[in-house]
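Results of the structural survey
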Amino acid sequence: MNAARLRAELVGPYAALDVVSSTGSTNADLRAAAGTGQTPDRTVLIAEEQTAGVGRRARTWVSPKGAGLYLSVLLRPHGVGFTKLGSLALVAGLAVTDLTADLGVDAALKWPNDVLAGPERGKCAGILAESVAAEETAVVLGIGLNIRPLGPGVEPGPGGLRPTSLAEQGARTTDRTELALLLLSALDRRERRWRAAGGDLAAAGLLEEYRARCETIGQQVRVMLPGDATLLGTATDVDPSGQLMVTDETGKPHTVLAGDVVHLRAVP
């Protein structure tokens, strides 16, 4: 990966950018740096390899050297309330699907943090937004994107989601420097709109785009909620703060702030 080119083209929109050969987790590294108060807003860390990458509920994200793009961005979104921070993962999802559209890859979003690609809707990207305990609001936004096939032995994710990659789905390029430029440029545009609107997806003009790209809406779903509770029902919408609206089998509506979603089938 060409770190000099990335800095030349992205430092400006971003405050700082570093590329490391290997680390445990780019999210963990930036969380630690954020706590010192010395790391500026819009700092980017990219790793050629992660040895302890994590996703939701501390699940392992497979991050072999050279097979993907593994990056995190430290954001200090002044003016965005804490309750709005959850929608940042949705903003990142839009940026990833901006990238896949540019690459000619058929992809869609699964609420709240997965990007699915190809006719069989394999998982090609995962997103993890983590708030940081600090004097001012800070969030570390991590994105893991499969660029080349991961090889045998990678276990399916929740709901049996099998991994796929941009290469397997016919992307016009798999050059990781080019993909990092495209993705971070798309994230820059999306996040600026979100921040200017105080974290409100609708006011930022992002909500309708998210709804159009999110295949969770209209699906019968099983949602694994915090505390091991389960919700069965139909996903009907996503609200302006990024929460999923689900109507259960009795017709009662629920608002889901966080949870793992399994698509069961599309509702006619």
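Look a little higher up for the structure.
Residues numbered from 1 in each chain as written. Predicted model: local features only at pLDDT ≥ 70, side-chain atom pairs only at ≥ 80, totals over all residues. Heavy atoms only, no water.

**Considering the side chain of Lys-110**
Positionally, Lys-110 belongs in strand E4 (residues 107-110). The contacts of Lys-110, once residues within four sequence positions are left out, are Leu-116, Leu-161, Tyr-210, Thr-216, Val-261 and His-263. (Helix = DSSP H or I, 4+ residues; strand = E, 2+ residues; numbered from the N terminus. Contact = heavy atoms within 4.5 Å.)

**Notes on helix H2 (residues 26-34)**
Buried residues of H2: Thr-26, Asn-27, Leu-30 and Ala-34, and no others. Seen end-on, H2 carries its buried residues on one side only, within an arc spanning 95°. Here the buried face of H2 lies against strand E2 (43-47), strand E3 (68-75), strand E6 (122-131) and strand E7 (139-146). The residue sitting at the N-terminus of H2 and contributing the capping side-chain oxygen is Ser-25; that oxygen lies 3.3 Å from the backbone nitrogen of Asn-27. (Buried < 20%, exposed > 50% of the residue type's maximum accessible area, 1.4 Å probe, protein only. Arc of directions from axis to C-beta. Polar contact = N/O pair within 3.5 Å; in protein donor to acceptor, adjacent residues only side chain to side chain.)

**What about the packing of helix H1 (residues 3-10) against helix H4 (residues 176-196)?**
Interaxial distance between H1 and H4 falls to 10 Å at its minimum, and their mutual angle equals 25°. Taken as axis vectors, H1 and H4 run roughly parallel relative to one another. Along this stretch, H1 crosses H4, giving a crossing that reads as right-handed. Residue-level contacts link Arg-5, Leu-6, Glu-9 and Leu-10 of H1 to Thr-177, Glu-178, Ala-180, Leu-181, Leu-184 and Ser-185 of H4. (Axes fitted to C-alpha atoms, helices over the stretch in contact; angles between N-to-C directions. Parallel < 35°, antiparallel > 145°, perpendicular 65-115°, else oblique. Left-handed = near helix turned anticlockwise from the far one by under 90°.)

**Quick look at the sheet that holds strand E10 (residues 244-248)**
Pairing within the open sheet is antiparallel, and its five strands lie in the order E11-E10-E9-E8-E12. Among the strands making up the open sheet, the edge pair consists of strand E11 (253-256) and strand E12 (260-266). Direction aside, neighbouring strands of the sheet carry axes that sit 40° apart on average. Inspection of the sheet shows strand E8 (residues 219-224) paired to strand E9 (residues 230-238) by five bridges, in the antiparallel sense. Paired with Met-224 across the two strands is Thr-230, which belongs to E9. (Pairing = 2+ DSSP bridges.)

**Digging into the pattern of salt bridges**
The final tally for this structure, using the stated rule, is 24 salt bridges. The residue Arg-42 makes a salt bridge to Glu-191 at a minimum N-O spacing of 2.8 Å. Within this pair, whereas Arg-42 is found in the loop between H2 and E2, its partner Glu-191 is found in helix H4, the two being separated by 149 residues in sequence. We classify Arg-42 as buried; its relative accessible area is 6%. (Salt bridge = Lys/Arg side-chain N within 4 Å of Asp/Glu carboxyl O.)

These figures capture arrangement, not role.
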